[in-house]
Amino acid sequence: MIQTMPLSTGTTGQHLRIGAIQSENANDMLRLQELGFLEGTEVQILKSSDPMVLRVGETRLGIQRDLASQISAYRLK
Amino acid sequence: MSTTQLHTIAIAGNPNSGKTTVFNALTGLQQKVGNYPGVTVEKKTGQMTLPSGTVEVVDLPGLYSLNPKSIDEQVAFDVLTGREKGTAMPDGVVVVIDASNLERNLFLFTQIMDLEIPTILALNMMDVVERRHIQVDLDKLSATLGVPVVPLIAKKGKGIEELKAAIQHLNQQIPPKRQWNLHPEVESACESLTKWFAEHTNLKPGACFSQALYILTNDSALELWGGKTSELRERVFQLRESLKSQEVNWKSAEITGRYTWVRGICQETLRYEVGMTPHKSDKLDQVLIHPVAGPLIFIGMMALVFQSIYSWASFPMDIIDGFFGWLSGIIHGVLPEGVLQGLIVDGVIGGVGNVVIFLPQILLLFFFLALLEDSGYMPRAALMMDGVMRKFGLQGKAVVPLLSSFACAIPGIMATRTIENQRDRLLTILIAPLMSCSARMPVYVIFIGTFIPNQRVLGIFTVAGLTLLGMYLTGIVAAILMAILFRKWLVKGEAPAMIIELPSYRLPSLKSALILMWVQSRAFLVNAGTIILTLTIVLWALATYPQVEQYSVDYPTQIRVLTDQLPAAANPDQLAMQIQQLEAQQAAEDLAHSFAGRLGKVIEPVIEPLGYDWKLGVGIIAAFAAREVMVSTLGTIYSIGDADEESTDLREHLRQDYSTLTAVSVMVFFVLACQCMSTLAVVRRETGSWKWPLFMFGYMSVLAYIGALVVYQGGQLLGWGG
C-alpha cells in the first residue's frame with residue numbers, strides 16, 4: 001500500500017512521484033500537465049515555501065502552495 | 001512536391017527557448033511591433049532576406065501549448081491555421097527548442113506537427129547541452145520527427161546560416177504528419193468531431209483534427225469554437241459522457257499521448273554521459289530567491305532601475321528640452337510674430353518635444369528590462385512578489401511595470417508586455433498611471449513649497465516632506481483599491497494560479513537589449529508620437545483662439561514704442577522689465593480670452609466645490625497636455641513671463657489667491673487624474689482601441705474629482721478652511 005500525501009507537505013530536497021491531480025480549475029490542471037506534470041512523473045522539491053519551487057525533468061517550476069495542495073504525491077522507494 | 005513561393009514563415013517556441021534571439025538573428029533591425037487586432041497580444045513581425053527574395057517572419061508569442069486556454073495560445077493557433085485576420089497564413093514554421101530541455105519543448109512541437117505545415121526544428125542552446133555532457137543524436141531525431149533539425153547556439157550566431165538555408169527549402173518540404181497515438185476510444189471520438197470541422201470550415205485536415213481534439217479535451221477551447229453552435233456542444237458533451245462511462249480519462253488523453261511519444265524519442269536520442277548534473281542556477285537561486293536575501297536584492301535592483309529612470313534620464317532630457325527651446329528661439333527670430341509662429345513653436349515643436357522628451361526614460365527602462373528578462377531573473381522576481389501582489393488581485397509580474405511607473409507611466413505601461421495573461425495585463429495598465437510619476441513633481445513642489453511649512457516633525461522629518469510622501473501614498477492606496485474593485489467588477493475572475501518556469505540563468509546579450517530598445521522606442525515614436533503631436537496642436541489652438549481683437553490696453557503699440565526707445569535709453573534694464581511686464585499682461589489677456597480660458601470659466605461652478613477658481617481650471621485643462629504645463633500656465637495667467645516651480649513671483653500670487661486647503665485639494669487632484677495625453681496615447685497603442693484609454697481617463701477624472709472634493713469639503717467641515 002502506497003502512502004499518498006499532498007505535494008504541498010513535502011520538504012525541501014525530497015524526491016516524490018506525482019499521483020492524481022485534482023485541481024478544481026481545469027485550465028490550471030491542463031497547464032501543469034503540459035509542463036510535464038503527469039501522473040507517475042518524478043519531481044524534486046527545491047524549495048518548500050510559498051510559492052514552492054519544484055524540479056520536473058529539466059524544468060524548474062514555481063507554483064503556488066494552494067495548487068500544490070491539490071496534487072497528491074508519494075515517496076519514491 | 002510543391003514549388004510555391006515562400007512568403008511568410010512563423011517562429012514558435014516555449015518562453016525562454018531563445019526564440020527571440022533566433023528571431024533577432026534572422027531579421028536584425030527589420031522588425032515591427034504592434035498588436036493583433038482587438039487584443040493586447042503583441043504582434044512582432046520582421047523581414048528576412050534570402051537569395052530567393054524577402055520573407056516575412058512572424059514571431060509568435062512564447063507558448064508551452066497551442067491548446068487554447070489564453071488569448072496568446074488562441075492567437076498563435078489562429079495565425080498558424082491562417083485564421084488570424086491581417087496575418088498571412090505562414091508557408092512554414094520554425095519551432096525553436098531548448099535542447100537542454102528537449103522533452104518538455106518537444107510537446108509544443110507535436111502540436112504544431114499535427115497541423116501539417118512544413119516545419120523546421122531549430123535545436124537551440126547546444127552549448128548548454130554540451131556543458132552538461134548530453135549527447136543528442138541529431139540524425140535519429142530528424143528521421144523520427146520527419147523534419148529537418150538544425151542545431152543552434154543562437155546567442156553566438158552559430159547555426160544561423162544553416163537555419164536560413166533550411167528555411168529556403170521549406171516550401172519543398174513534405175509536411176510532417178501526426179505520429180503520436182491517442183487512446184483508441186478518444187481517437188474515434190475525435191474522428192467524428194474532425195469530420196464536423198472539415199464539413200463546416202475551410203480549415204486544412206490537420207487543423208480540423210487539432211480543433212476537434214482541443215474542444216473535446218478543453219472547456220476553454222469548446223467555449224471558443226463550439227460555444228455558438230449548440231449542435232457541436234451537444235455532440236462534445238455526448239462524446240465526453242460516453243468516454244466517461246467507459247472509464248476513459250479524456251481530460252488528460254491529449255497530454256498523456258503526446259508525452260508518451262516524446263519520452264520514447266528522448267530515450268532513443270539523448271544520452272547522458274555523466275547522468276543528470278545539478279544546475280548552477282539552483283545554487284544561485286539559494287541566494288537570489290532566498291526568503292530574506294531574495295526580496296532585498298530585488299528591491300536593491302529596482303532601486304537602481306528606478307534611480308536611473310528618475311535621475312540619469314534627466315540629463316539627456318534636459319538636453320532635449322534645451323534643444324527644442326533653442327529651436328523655438330530660432331524660429332521666433334526667423335518667423336514674424338503671429339499665428340504661424342505660434343503654430344510652429346507651441347504646436348509642432350512643442351508637440352514633437354513632448355514626444356521625444358520621453359525617449360531617454362523609455363530607452364533606459366527597456367535596457368534594464370531586457371537584462372532582467374534575458375538573464376532569467378524576471379520570473380524569479382515575479383515568483384517572490386506574487387504573494388503580495390495577489391492580495392490585490394494582481395500577479396507577481398506586475399511589480400516591475402508598476403514600480404517603473406513611479407518614474408513615468410509611459411515606459412511602465414509598455415513594460416506590461418511581460419505579463420502574458422491579458423486580463424492581468426489590462427488591470428496593471430489601468431492602475432499604472434496612479435503611481436506618482438516624475439511629471440507630477442513640479443506641481444507638488446510649487447504647491448508644497450508655497451503652502452506647506454517646512455517645520456520639523458519628530459526630528460528628522462518636515463511637514464513638507466511628509467506631505468510629499470502623503471501624495472505618493474495616496475496614489476498607491478488608490479491603485480490598490482482600484483485594482484481590487486476592477487478585479488471584482490471589470491476584469492472578473494481570479495488571477496490564474498501561479499505556475500511559472502524558472503529558466504536557467506544566462507548571461508544577457510547586449511545585442512538583444514539594443515534591438516529591443518530600438519524596436520520599442522521606434523514604435524513609441526511612430527504610434528504614440530503622432531497622437532501626442534496632434535493633441536498638442538489641438539491644445540495649442542484651444543489656448544490661442546479666438547484671438548483678442550481689442551485689448552484693454554494697446555499692448556502691441558506700447559511694446560513697439562518702448563522697444564524703439566530701447567537702444568537709446570538711459571535705463572535699458574528698467575525699460576526691458578516694462579516690456580516684459582506688458583508682454584506678460586498681453587499673454588494673460590490672450591489666454592483668458594481663448595477657448596481654454598473660457599472653458600476655465602465655464603467649468604468654474606463645477607470645480608468650485610473643490611476650492612478652485614477659473615484660473616486653476618485653465619491650469620488643469622492645459623495640464624492635460626502634460627502635468628508640468630500646469631506651472632507655466634499659471635505663470636501666464638498671473639502675467640509672470642516664464643514661470644517655473646521655483647518662481648517666487650508665482651508663489652506670491654498663489655498665496656494671495658488660495659488657501660492651504662485648496663493647495664492640498666489641487667495636489668490630490670493631480671495624484672489621481674490622468675492628465676497626460678502621452679499616457680492615453682500609449683494605452684491606445686497597447687490595448688489596440690480607444691475604449692480603454694477613454695475608460696482610464698474617465699475613471700481617473702471621477703476619482704480625482706471625488707478625492708479633491710473630499711479633501712476640500714472635509715477640510716472645511718473640520719475648520720481648516722482658512
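How each quantity is defined
Residues numbered from 1 in each chain as written. Chains lettered and ligands numbered in written order. Predicted model: local features only at pLDDT ≥ 70, side-chain atom pairs only at ≥ 80, totals over all residues. Helix = DSSP H or I, 4+ residues; strand = E, 2+ residues; numbered from the N terminus. Rg over C-alpha atoms; globule rule 2.2 N^0.38 Å. Buried ≥ 20, exposed ≤ 12 C-beta atoms within 10 Å, placed from the backbone. Contact = placed C-beta atoms within 7 Å. Pairing = 2+ DSSP bridges. Domains from an automatic or database assignment. Nonpolar A, V, L, I, M, F, W, Y, C, P; charged D, E, K, R; others polar.

*Asks:* Quick rundown of the overall build of chain A? Include the residues and the values.
*Replies:* Within chain A, the regular secondary structure consists of two helices and six strands. Radius of gyration (C-alpha) of chain A: 11 Å, near the 11 Å computed for a compact globule of 77 residues. Projected onto the principal axes, the alpha-carbon positions of chain A cover approximately 30 × 25 × 20 Å. Per-residue burial over chain A gives 45% buried out of 77 residues. Contacts in chain A between residues at least 24 apart in sequence constitute 56% of all its contacts with a sequence separation of at least 6.

*Asks:* For unusual backbone geometry, give the residues involved together with the corresponding values.
*Replies:* Note the cis peptide between Asp50 of chain A and Pro51 of chain A, where omega equals -5°. Inspection of the secondary structure assignment puts Pro51 of chain A in the loop between β3 (42–47) and β4 (52–56). Backbone torsion omega between Tyr545 of chain B and Pro546 of chain B reads -15°, so that peptide bond is classified as cis. Within the fold, Pro546 of chain B resides in the loop between α23 (510–544) and α24 (555–565). Although it is not a glycine, Glu247 of chain B sits at a positive phi angle of roughly 60°. Checked against the element boundaries, Glu247 of chain B lands in the loop between α10 (230–245) and α11 (250–269).

*Asks:* Could you give an account of the pairing of strand β5 (residues 92–98) of chain B, naming the residues involved and the relevant values?
*Replies:* Residues and elements named next belong to chain B. Burial analysis of β5 places seven of its seven residues in the buried class, the great majority of the element. Side chains of β5 alternate between two faces, with Gly92, Val94, Val96 and Asp98 and Val93, Val95 and Ile97 buried alike. Judged from the five bridges that link them, strand β1 (residues 8–13) and β5 form a sheet pairing that is parallel. Bridged to Ala12 within β5 is Val95. Across six bridges, β5 lies against strand β6 (residues 119–124) in parallel orientation.

*Asks:* Explain the interface of chain B and chain A to me, and be specific about the residues and the numbers.
*Replies:* The partner chain A presents 27 residues to the 28 residues of chain B that form the contact. Contributions of two or more residues to the side of chain B that touches chain A are made by α3 (102–114), α9 (219–225), α11, α17 (378–390) and β12 (499–501) of chain B. Element by element, the count of residues in the side of chain B that touches chain A is highest for α11 of chain B, at four residues. Examined bridge by bridge, strand β5 (residues 59–63) of chain A and β12 of chain B share three bridges and lie antiparallel to one another. Each residue of the ladder has a partner; that of Ile63 of chain A, found in β12 of chain B, is Ile499 of chain B.

*Asks:* Mind laying out the environment of Pro51 of chain B, listing which residues take part and the relevant values?
*Replies:* All names here are of chain B. Its location among the elements puts Pro51 in the loop between β3 (42–50) and β4 (53–59). Taking the C-beta count within 10 Å as the criterion, Pro51 has 7 such neighbours and is therefore assigned exposed. Separated by 511 residues in the primary sequence, Pro51 and Leu562 have C-alpha atoms spaced 72 Å apart.

*Asks:* Which residues make up the domain arrangement of chain B, and what are the values?
*Replies:* In many reports, interface size means the accessible area that the parts give up when they come together. Residues and elements named next belong to chain B. Domain annotation for chain B reports domain 1 (8–172), domain 2 (184–248), domain 3 (293–438) and domain 4 (439–482 + 594–722). Distance between the C-alpha centres of domain 1 and domain 2: 27 Å. Considered class by class, the residues forming the side of domain 1 that touches domain 2 number two nonpolar, three polar and three charged.

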